[in-house]
Amino acid sequence: MRIHFLGTGAAEGIPAINCQCNHCVRARAEGGKLVRRRSAILFSLPGYELLVDTPPDIKTLLRLNGVQAIDGIFLTHEHYDHVSGLAEFAYWECKVDLLMERNLYDRLQQQGVTTRVQETAFHMACRPGVALRFDGFFLVPFAVRHTVPCFGLAIYAEDRKIIFAADTSAELTHYARRLTQGADLLIVNTPFFDEGGNDHLNVVGAIRWKETLDIKGMVLTHINHHNLPHDDLERYVSRFENVQVAYDGLTIEM
Ligand SMILES: [Zn+2]
Ligand SMILES: [Zn+2]
Ligand SMILES: [Zn+2]
């Protein structure tokens, strides 16, 4: 199984539009891993390419990362940075499965997000806590706390359990805790370093989560310009075992 972090920025990406903070100024000047486009992850599962989220940058992300095959798209929630690139799939040559929770799909239809992909994307309704079985692997979507209904994903493939916690707050449900216990890999959205209110998990909280739930490895993604720049964040996490900071284009083989 391969996990490909196509984009790793939070809502505004880095550099953020019109922002003159040190992080954004450095990102414009130095480029490289300091630049983060909005978040999308491609999971290459046995016989199935699953894209998680379609940010506004999706067309560029697919081109830069050389992605030519997608079988299914899973959308986590209705925020702009996660769904606004879906319309680009009106031009995708092959049809795709569109996996998401039923009420989320209804909301996106009301907002017109799915209008342009009626012909190319077939909605497959997911239920939180109910396994979606494929041949050789399965997915379990689960609800997390956020400002709007939001769903993470537990992926069971090749004797591994990978948890993608999406835009969860630090206030985890008992269900999410239990599901995450002992995971081989936990991928978390950490826009902020040690703040972020109740809407998001931050880096400090995520590392605490990893340690209390006996998680083997963790990757931080969905990082915003108020967080530390990539090099400083990498230096900080190096004191913890098996914690990695994602960057645009990172691939992990499991
Ligand atoms: Zn987000
Ligand atoms: Zn900035
Ligand atoms: Zn969000």
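Summarised in this report is the structure supplied together with it.

**Things to note about the overall build of the protein**
Next, step 1: Within the protein one finds seven helices and 14 strands.
Next, step 2: What you see for the protein is a C-alpha radius of gyration of 17 Å, in line with the 18 Å of a compact globule of 254 residues.
Next, step 3: With the C-alpha coordinates of the protein rotated into their principal frame, the extents come out at 45 × 40 × 30 Å.
Next, step 4: Counting only residues that meet the buried cut, the protein has 45% of its 254 residues in that class.
Next, step 5: At a minimum sequence separation of 6, the contacts of the protein that also span at least 24 residues come to 63%.

**Digging into the environment of Arg 235**
Next, step 1: In this structure, Arg 235 sits in helix 7 (residues 230-237).
Next, step 2: Judged by the 12 C-beta atoms lying within 10 Å of it, Arg 235 falls in the exposed class.

**Quick look at the pairing of strand 12 (residues 218-221)**
Next, step 1: Side chains Met 218 and Leu 220 of strand 12 all project onto a buried face; the interleaved residues Val 219 and Thr 221 project onto the opposite face, where all are buried too.
Next, step 2: Relative to strand 12, strand 11 (residues 185-189) runs parallel, the two sharing four bridges. If you follow Leu 186 over to strand 12, its bridge partner there is Met 218.
Next, step 3: As judged from the three bridges shared by strand 12 and strand 13 (residues 243-245), these two strands associate in the parallel manner.

**Some words on the nonpolar core**
Nonpolar side chains tend to gather and get buried jointly when the protein is soluble and globular.
Next, step 1: Core analysis: the biggest nonpolar cluster contains 64 residues, and Ile 41, Val 52, Ile 163, Phe 164, Leu 186 and Leu 220 have the highest contact counts within it.
Next, step 2: Residue contacts for Phe 164: discarding those within four places in its chain leaves Ile 41, Val 52, Gly 152, Leu 153 and Ile 187.
Next, step 3: One finds Ile 14, Cys 24, Ala 27 and Val 35 within the second-largest nonpolar core, a separate group that totals five residues.

**A short note on the pairing of strand 8 (residues 137-144)**
Next, step 1: The pairing of strand 7 (residues 132-133) with strand 8 spans two bridges and is classified as antiparallel. Paired with Arg 133 across the strands is Phe 138, a residue of strand 8.
Next, step 2: Hairpin connection from strand 7 to strand 8: three residues lie between these consecutive antiparallel strands, with Gly 136 at a positive phi of about 100°.
Next, step 3: Here eight bridges tie strand 8 to strand 9 (residues 150-157), and the two strands are oriented antiparallel to one another. Note on strand 9: the bridge partner recorded for Phe 138 is Tyr 156.
Next, step 4: What sits between the antiparallel neighbours strand 8 and strand 9 is a turn of five residues.

**Regarding the sheet that holds strand 14 (residues 251-253)**
Sheet strands pair via backbone hydrogen bonds, and the direction of the pair is either parallel or antiparallel.
Next, step 1: Overall, mixed pairing links the seven strands, which are arranged 6-5-4-3-2-1-14 in an open sheet. A single partner strand is all that each edge strand has here, and the edge strands are strand 6 (121-126) and strand 14. Neighbouring strand axes in the sheet, compared pairwise and without regard to direction, differ in orientation by 20° on average.
Next, step 2: Across three bridges, the pairing between strand 1 (residues 2-7) and strand 14 is antiparallel. Within strand 14, the position partnered with His 4 by the bridge is Thr 251.
Next, step 3: The strands touched by helix 4 (residues 102-110) are strand 5 (96-101) and strand 6; relative to strand 5, the strand with the most contacts, the crossing angle is about 110°.

**A few points about the sheet that holds strand 12**
Next, step 1: Spatially, 7-8-9-10-11-12-13 is the arrangement adopted by the seven strands of the open sheet, whose pairing is mixed. Sheet topology places strand 7 and strand 13 at the edges, where each strand pairs with a single neighbour.
Next, step 2: Summarising the sheet, strand 10 (residues 160-164) and strand 11 pair through three bridges and their orientation is parallel. Across the sheet, residue Phe 164 finds its bridge partner in strand 11, namely Ile 187.

**Here's the deal with the environment of Ala 183**
Next, step 1: Checked against the element boundaries, Ala 183 lands in the loop between helix 5 (174-180) and strand 11.
Next, step 2: On the basis of neighbour count, Ala 183 is assigned to the buried category, with 22 C-beta atoms found within 10 Å.
Next, step 3: Setting aside residues no more than four positions away along its own chain, Ala 183 makes contact with Lys 161, Ile 162, Ile 163, Ile 215 and Lys 216.

**Details of helix 6 (residues 203-212)**
Next, step 1: Residues of helix 6 that are buried: Val 203, Ala 206, Trp 209 and Lys 210. When helix 6 is viewed along its axis, its buried side chains cluster within an angular range of 115° and face the same direction.
Next, step 2: Among the structural elements, strand 11, strand 12 and strand 13 are those in contact with the buried residues of helix 6.
Next, step 3: Phi turns positive, to about 55°, at Asp 214, one or two residues after helix 6.

Rules used in this analysis
- Residues numbered from 1 in each chain as written.
- Chains lettered and ligands numbered in written order.
- Predicted model: local features only at pLDDT ≥ 70, side-chain atom pairs only at ≥ 80, totals over all residues.
- Helix = DSSP H or I, 4+ residues; strand = E, 2+ residues; numbered from the N terminus.
- Rg over C-alpha atoms; globule rule 2.2 N^0.38 Å.
- Buried ≥ 20, exposed ≤ 12 C-beta atoms within 10 Å, placed from the backbone.
- Contact = placed C-beta atoms within 7 Å.
- Pairing = 2+ DSSP bridges.
- Core = buried A, V, L, I, M, F, W, Y, C linked by C-beta atoms within 7 Å.
- Axes fitted to C-alpha atoms, helices over the stretch in contact; angles between N-to-C directions.
- Arc of directions from axis to C-beta.

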